[in-house]
Every structure is written in C-alpha cells, then in structure tokens.
Number of protein chains: 2
Amino acid sequence: MLNVDAFQEFKDGDVIIREGTYGDWVCVLIKGKVQISRVVKGEKLVVDELNEGDILGEFSFIDGEPRFATASAVGDVRIGIFNKMALDDEFNKLSKEFKEILFSIIKRLRNTTAKLSS
Amino acid sequence: MLNVDAFQEFKDGDVIIREGTYGDWVCVLIKGKVQISRVVKGEKLVVDELNEGDILGEFSFIDGEPRFATASAVGDVRIGIFNKMALDDEFNKLSKEFKEILFSIIKRLRNTTAKLSS
C-alpha cells in the first residue's frame, strides 16, 4: 500500500484538477473512476479514464508546467494525496542525468497526448 | 553538460535500439538525428524524430519491459551512454510512492504512443 498524507473525496462531475491551472500535488486514485479530458478547439475531448490505483498529477510534479488536462470524478471518488515535501526531497536529490531522463519522458508524454487529442 | 560513461557512433540507417529486444541502457543523443519507428501490422511507422540533447531508452530503464520502438541513425550519429549502475542505484533508493509515479508515467506513455501508431 502506498503511503498518503491526506485524503479527499469528490462527487460525480467534480473537477479534481483543472487544465491550465498551476498546481503540483500528486495523488493516487483510491476509489472510483476519473475522467481525463482536454479542451481542443473549444470542444471537450475525453483522452483517458483512470481507475483505482492510478496516479494523477504527475506531469506537473515533474516539470512544474501548468496542468495538462482536466480530471473529473465519475461517481464517488476518493483520492490519497502524497506527501509533497517528501517527493520534492527525493526529486531534488536526483542527479542531473536522472532528472533529464524524467524531463524527457514528460516532454514526450505531453507531446504524444497533445497529438492524440488533435 | 550531462555526465556520460561511454560513447558510441553510428552511420546512417544503423539500428541503435531494436523494438522488442531486451536492453536497459539509457543514452543521450550528442550528435545527429535519430528516427523512432514502430512496426504496426507489418508496416514500419515513424513515430518521432529525436535531436541533439534528447534521451533514448528511458522506457525500458524505468519499467524493465522490452524496447518499445526502434531507434535508427539518420546520418552520422553519436550517443553518450549513461552510467547504468549509478542510475539503478538512484532508482532503487526511491520510495515506493516515487517509483509508482514513474511506473504510471511510463505506462501512460506506452499507451498513448501505441494509440498514436494504431
């Protein structure tokens, strides 16, 4: 079981993370489903659906850029929020080579997801 | 500048990493261009092109799965290979929460890239 620092519940349709906003929490989906969508040319486009055990918010945690997509609750949802200070501590201790690998992965993921939704 | 452990040069068309094989080196593209392709329904499909400074091989480094795509040299190419033992050491020291975030990212990246090439 993953250690989480805090919990939060959401109701159907609630926005958990809003595309384009700043934020750097990372959390794990403990209960329920989450819909991931992006606004493309003014239209909402569903790009993914997350299930229990899936992670939310990891793009911005790694690269500090605004939220890439909107995460909304589908039915009752419970998330566990990771201890951000502990994660930051670990991240900061990484070598520049390891960080570069992570940045590269996130850059590629933002690119492929953007291509997918275009 | 990133620290690399070893170098390797390739000529136009050489396969640097072959899709479906096992391997876990991670390297940075120092000189030249690299074409990333996948075989989909028997056809070679170009999914990306990497430039100087881009990272190669990071999917398998994180999740230990076979190589996801083929990387081929476009013209003369020089890569720098990261010290694998040092990277592994860093990876192994990460908390299970941090590792889970990385696994999640790679899983998503494999999914989106597979969708893109289908």
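Here goes a summary of the coordinates provided. Worth saying up front: this structure is predicted, and the values here are computed from it rather than measured.

**Regarding the relation of the copies chain B and chain A**
Piece 1. Structural alignment of chain B on chain A gives an RMSD of 0.0 Å, achieved by rotating through 180° and translating 0.0 Å along the axis. Considering both components of the superposition, the chain copies are consistent with a two-fold axis. Ranked by how close their C-alpha atoms come to the rotation axis, the residues of chain B are headed by Leu109 of chain B, at 2.7 Å.
Piece 2. The fraction of interface residues of chain B whose copies in chain A are also interface residues reaches 100%, indicating that both copies meet through the same surface.

**Some thoughts on the interface of chain B and chain A**
Piece 1. The partner chain A presents 36 residues to the 36 residues of chain B that form the contact.
Piece 2. Surface buried jointly by chain B and chain A totals about 3,200 Å² across both partners, of which 68% is contributed by carbon and sulfur atoms.
Piece 3. Contact with chain A buries surface across chain B, with Phe98, Ile101 and Arg108 of chain B losing the most and accounting together for 20% of the total.
Piece 4. The interface formed by chain B and chain A contains four salt bridges.
Piece 5. Arg108 of chain A is the partner of Glu58 of chain B in a salt bridge, and the nearest nitrogen-oxygen pair spans 3.0 Å.
Piece 6. On inspection of chain B and its partner chain A, the count reaches 13 residue pairs in polar contact (both at pLDDT 80 or more).
Piece 7. A per-element tally of the side of chain B that touches chain A places helix H3 (residues 96-116) of chain B first, with 16 residues.
Piece 8. Broken down by class, the residue content of the side of chain B that touches chain A amounts to 20 nonpolar, five polar and eleven charged.

**Side note on helix H2 (residues 84-93) of chain A**
Piece 1. Those residues of H2 of chain A that fall on the buried side of the exposure criterion are Leu87, Glu90 and Phe91 of chain A. One face of H2 of chain A carries all of its buried residues, which in axial projection span an arc of 100°. Pointing more than 90 degrees away from the buried face of H2 of chain A are the exposed residues Met85, Asn92 and Lys93 of chain A.
Piece 2. In this structure, the buried side of H2 of chain A is in contact with helix H1 (58-63) and helix H3 (96-116) of chain A together with helix H2 (84-93) and H3 of chain B.
Piece 3. Measuring from the side-chain oxygen of the N-cap residue of H2 of chain A to the backbone nitrogen of Met85 of chain A gives 3.0 Å; that N-cap residue is Asn83 of chain A.

About the thresholds
Residues numbered from 1 in each chain as written. Chains lettered and ligands numbered in written order. Predicted model: local features only at pLDDT ≥ 70, side-chain atom pairs only at ≥ 80, totals over all residues. Heavy atoms only, no water. Least-squares fit on C-alpha atoms with pLDDT ≥ 70 in both. Contact = heavy atoms within 4.5 Å. Buried area = accessible area lost by both parts, 1.4 Å probe. Salt bridge = Lys/Arg side-chain N within 4 Å of Asp/Glu carboxyl O. Polar contact = N/O pair within 3.5 Å; in protein donor to acceptor, adjacent residues only side chain to side chain. Helix = DSSP H or I, 4+ residues; strand = E, 2+ residues; numbered from the N terminus. Nonpolar A, V, L, I, M, F, W, Y, C, P; charged D, E, K, R; others polar. Buried < 20%, exposed > 50% of the residue type's maximum accessible area, 1.4 Å probe, protein only. Arc of directions from axis to C-beta.

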